[in-house]
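This is what each chain is made of:
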Amino acid sequence: MRAVDAVIECLKAEGVEVVFGLPGGANLPQYDAFYDAGIRHVLVRHEAGGGHAAAGYAKATGKVGVCFATSGPGATNVVTPIADAMMDSVPTVFITGQVRTDLLGTDGFQEVDVVGVTMPIVKHSFMIQHPLEIPRAIHEAFHLARTGRPGPVIVDIPTDLARAEIPYEPVTDVHLPGYQPTHEGNTKQIRQAAKALAAARRPVLYVGGGTINANASEEVRELARLDNFPVTCTLMGLGAYPAPDPQWLGMLGMHGTRTANYAMDEADLIVAIGARFDDRITGKLSEFAPRAKFVHIDIDPAEISKNIPAHIPIVGDAKNIVAKLVKEYRALEGVDHTRLEAWWERIHGWQEKHPLRYDDTEGDEIKPQRLIEALYEATGGDAIVTTDIGQHQMWAAQYFHFDRPRRWLQSGGLGTMGFGLPAAMGAKVGMPGETVICIAGDGSVQMNMQELATCAQEGIDIKIFISNNGYLGMVRQWQELFWDKRYSHVDMGQFPDFVKLADAMGATGFRFESKATLVEDIKQAIATPGPVMVDVRVTREENVYPMIAPGAAARDMVG
Amino acid sequence: MGDPGTKQDLLSLEDLEAAGALRTGRKHVLSILVENKPGVLTRIAGLFARRGFNIETLTVGPTDDDQISRVTLTVDGALHPIDQVTKQLHKLINVLKIRDLEPEGTVARELALFKVAAEGAARSEVMQVCDIFRGKVVDVTRRSLIVEVTGTTDKVEAFERMVRPFGLIEMMRTGEIAISRGRSET
């Protein structure tokens, strides 16, 4: 069979249900094979939308997201989604077309060295040089994408090799001698961590996105409940621990709660689970959690002691390690179960003194924070939520409370504006029975709103709520706070008219401007069949608080 | 917590020591076995560049297995936490094995070619220095010599210092290759 038909067989063997992509010259053979392949294909309007959709699908389902793009501009258009998937460890496979082998290196039409361009931002890449390599490369790509620390993998296939006839035999193994991720944590280290926890008077469990990748939320809950341990999550970890819970401190980091950040600051033991001490978490590194010892659980050994030296490093799969940690802790004798009482007293003091708050408007104007609360009320929290990047994202993290993993889909590490809408599209394709909401900013949403047409054509029923302040709001906030209110090029005015735009795209558009009717209006928008885009006019100049100023220490939070 | 009467199960947090981010302060020779596939060297070089690790010397060559190549590179352990360097290298799928060679347990050599101005009396002086360093004169003209020297980096650099006053026209060095002492494989 043709190599491209073998690719389809491989995708089926990998259990692929859907591919997001766009055909072009160099991947025509692949699309010919797709014509009657029996795998769903979602025809995106821009390859970046395809890449983010694949990521949204992967984050919501835990399966590998797949995106196809042609050579040259098609491939460079997926560079951002690839970098995004790398930063957030999203299992994705990108299959790109490439010019014919006899044109390689000649600056041929639509030729780009995509393997070279993406080398720093992929988990691995395969440049196919012989058609016989193709089936194995596809399987190895899936294996690499989903195992260990997940990430994006590219397979770049020159068009002449794609059409070549090959004797296809199913591949049942992978041959990657240089790739042996550690799953089992070191038993001695786990025992040591249990003892450290038992000794700690001011412990905090610091839970990141790796917990969700590892499907370890249940184990983390069990661990927390052993002895009433306080829990905080990163932006990526939200949902790994139920937000409406007495042991929950809120999100930590730059726009986290004061309680979570103060608890980290005063902790004597921090147990990091699938989290990587990003600068948005630590603030000023030298003053981060100065009294704490660190247990660091991560599947990627390179994350251990990268930013913060670990006292008890444990490399491996979080699910399996945390389960063992629970067992080891239970087996300890002589543990004083009342030792955290003073710590909780301190924490409750912060919670009472510093709840998340904002000044609501007197009149009918909608505060952006109110929009998030209203969305939470209208859905009862029962929705998959994606966001873009900026103020609306931080408010959503603060005021929408997630009680389960894989319901909060984020571009956390890369901070990609334009992520939310296509990610929602991918999530809805993967989880058709769920309500999928994209909370967007008026700036961000314009970066990939072409995919609304895809949603309309495919009947992908997502609900987009634009927190519209007519600004690149987070940039404006920084200009206000750190650049003397010199609002340089952040005012986007009221363009475009999102209601008309939704209509033109084949979706339904609404505009909400009243606080009084907001919850009911949202319910109606969600009940409206098909893709819906809602322009919610919110207070123009509102700031996200509290805040650790960039480079400042957690205890110096402002607002 | 160490209260009298509690079981020895418990430890004191004070006793925990942080590990990692180790700056050793010495030169490290990393001997890396990689799959012989296109782009592997680019992946390694790119990793060093983007993580801000500086490569001092780099050599690449075949091994007795044509599927596998060996990359030998030297890194300054004063500038970079060496464990971070090796852990990042290990994440490259084509990297099979890394050995951070201990200087005492290793035979390391590099090859250098020196083009030295050597006219008249200077010529015999340069040749004497060459003898002392067990170098080899591989080219000679009326006005210059080319000397081949192999040895440790220290020896090559000592030779350089000796011949520089004569007029060092050009110098080329390969960077070190290294092999572990004793029977076991590097």
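Residues numbered from 1 in each chain as written. Chains lettered and ligands numbered in written order. Predicted model: local features only at pLDDT ≥ 70, side-chain atom pairs only at ≥ 80, totals over all residues. Heavy atoms only, no water.

### Overview of the nonpolar core
Residues and elements named next belong to chain A. One finds I297, F465 and I522 to be the most contacted residues of the largest nonpolar core, which totals 102 residues. The element contributing the most residues to this core is helix α9 (residues 187-199), with seven residues. Both domains that meet at this core, namely domain 2 (187-353) and domain 3 (368-537), each give it at least three residues. Setting aside residues up to four positions removed in sequence, F465 forms contacts with L375, I437, C438, I439, A440, F512, I522, A525, I526, V534 and V536. Listed in part, the 43 residues of the second largest apolar core include A53, V78, I384 and F498. (Core = buried A, V, L, I, M, F, W, Y, C linked by side-chain atoms within 4.5 Å. Buried < 20%, exposed > 50% of the residue type's maximum accessible area, 1.4 Å probe, protein only. Helix = DSSP H or I, 4+ residues; strand = E, 2+ residues; numbered from the N terminus. Domains from an automatic or database assignment. Contact = heavy atoms within 4.5 Å.)

### Observations regarding the domain arrangement of chain B
All names here are of chain B. Annotation of chain B at the domain level lists domain 1 (20-101) and domain 2 (107-180). Look at where the C-alpha atoms of domain 1 and domain 2 centre, and you get two points 28 Å apart. Contacts between domain 1 and domain 2 engage nine residues on the former and seven residues on the latter. At the boundary of domain 1 with domain 2, the tally comes to one salt bridge. For the salt bridge of K27 with E176, the shortest nitrogen-to-oxygen distance reads 2.9 Å. Where domain 1 meets domain 2, there are two residue pairs in polar contact (both at pLDDT 80 or more). Listed by contribution, the elements that provide at least two residues to the side of domain 1 that touches domain 2 are β1 (27-35), β2 (55-62), β3 (68-76) and β4 (95-101). Its residues placed into classes, the side of domain 1 that touches domain 2 shows three nonpolar, four polar and two charged. (Salt bridge = Lys/Arg side-chain N within 4 Å of Asp/Glu carboxyl O. Polar contact = N/O pair within 3.5 Å; in protein donor to acceptor, adjacent residues only side chain to side chain. Nonpolar A, V, L, I, M, F, W, Y, C, P; charged D, E, K, R; others polar.)

### Brief notes about the sheet that holds strand β6 (residues 152-158) of chain A
Residue and element names in this part refer to chain A. Ordered by their spatial adjacency, six strands build an open sheet running β2-β1-β3-β4-β6-β5, and the pairing between neighbours is parallel. The sheet terminates laterally at β2 (40-43) and β5 (124-127), the two strands that pair on one side only. Geometrically, the sheet is characterised by an average inter-axis angle of 20° between neighbouring strands, direction not taken into account. Sheet topology note: the strand β1 (residues 18-21)/strand β3 (residues 65-69) ladder contains two bridges and is parallel. Bridging across to β3, G21 finds its partner in F68. (Pairing = 2+ DSSP bridges. Axes fitted to C-alpha atoms, helices over the stretch in contact; angles between N-to-C directions.)

### Let's talk about unusual backbone geometry
Residue and element names in this part refer to chain A. Following F495, the chain continues to P496 via a peptide bond in cis, the omega torsion being -5°. The residue P496 is located in the loop between α20 (473-482) and α21 (498-505) in this model. Put simply, Y545 and P546 share a cis peptide bond, and its omega is -5°. Note on placement: P546 falls in the segment after β18 (532-537).

### Structural notes on the interface of chain A and chain B
Often, the extent of an interface is quoted as the loss of accessible area upon association of its parts. With 38 residues of chain A at the contact, the number on the chain B side is 30 residues. Between chain A and chain B, roughly 2,800 Å² of surface is buried when both sides are summed, and carbon and sulfur atoms account for 59% of that area. Summed over the shared surface of chain A and chain B, the number is one salt bridge. For D300 of chain A, the salt bridge identified is with K91 of chain B, shortest N-O distance 2.5 Å. For the pair chain A and chain B, the number of links is six residue pairs in polar contact (both at pLDDT 80 or more). Among the secondary structure elements, those contributing two or more residues to the side of chain A that touches chain B are β5 and α9 of chain A. (Buried area = accessible area lost by both parts, 1.4 Å probe.)

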